[in-house]
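Structural description and commentary
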Amino acid sequence: MRKLTVGLLFVMMVTALGCSNRKEEKPQVLEKLDFSVVSDECLPEELKTEIDKKKAQPFQMTFMDDGFLYICIGYGEQKSGGYSIQVNACNRLKNAILVDTNLLGPKPKNTTRPKPKEEGKSYPYIVLKTKDINLPVIFE
């Protein structure tokens, strides 16, 4: 029994060491995709309706229309306005599209009164439009 316990401990240590020595491989970027940020007025009606249904909670979704892919990322309800979304990457990988965004908080308030757009709740989201290349989207 003792040999079995020592053997199992040895296997567990080797496995743990083997896992910790592995370097996480980053996917190879084939190209940066051209995209545009789409305003609400230019969204297809069906997509606009879906976003309105989902915007209170964080969401990630895609929508295809007329040869274009719409990549949508929402950050849910926020306590105020003034948020923006930064696009860090929109890249084509071998078997997918990688999209990475960050929510940027409102700028610190100064002594002047906030603009009406910054008062009350907001639902920040972004819609990227690119050519549909028939690949799944990975959101980071």
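Scroll up a little and you will see the structure.
Described in the following lines is the structure provided in the data block.

Attention now moves to the overall build of the protein chain. Helix and strand counts for the protein chain stand at two helices and eight strands. When the helices and strands of the protein chain are read in sequence order from the N terminus, they spell out α-β-β-α-β-β-β-β-β-β. Within the protein chain, the fraction of its 140 residues that count as buried is 26%. Just so you have it, the protein chain exposes about 10,600 Å², and 53% of that area is on carbon and sulfur atoms.

A few words now on the nonpolar core. Judged by nonpolar contacts, Leu-33, Leu-69, Ile-71, Ile-73, Ile-85, Cys-90, Ile-97, Val-99, Ile-126, Leu-128 and Val-137 together constitute the single largest core of eleven residues. Looking at this core, the elements that each hand over two or more residues are β4 (68–75), β5 (84–92), β6 (97–104) and β7 (125–131). Other than its neighbours up to four places away in sequence, Val-99 contacts Ile-71, Ile-73, Ala-89, Cys-90, Leu-128, Val-137, Ile-138, Phe-139 and Glu-140. Leu-43, Leu-47, Phe-59 and Met-61 belong to the second-largest nonpolar core, a separate cluster that totals ten residues.

It is worth spelling out the pattern of salt bridges at this point. Considering all chains together, one arrives at five salt bridges under this definition. When the shortest N-O distance is used, the salt bridge between Asp-52 and Lys-55 registers 3.8 Å. Judged by its relative accessible area of 26%, Lys-55 falls in the partly exposed class.

Cut-offs used in this document
- Residues numbered from 1 in each chain as written.
- Predicted model: local features only at pLDDT ≥ 70, side-chain atom pairs only at ≥ 80, totals over all residues.
- Heavy atoms only, no water.
- Helix = DSSP H or I, 4+ residues; strand = E, 2+ residues; numbered from the N terminus.
- Buried < 20%, exposed > 50% of the residue type's maximum accessible area, 1.4 Å probe, protein only.
- Areas by Shrake-Rupley, 256 points an atom, 1.4 Å probe, with all protein chains shown as cover.
- Core = buried A, V, L, I, M, F, W, Y, C linked by side-chain atoms within 4.5 Å.
- Contact = heavy atoms within 4.5 Å.
- Salt bridge = Lys/Arg side-chain N within 4 Å of Asp/Glu carboxyl O.

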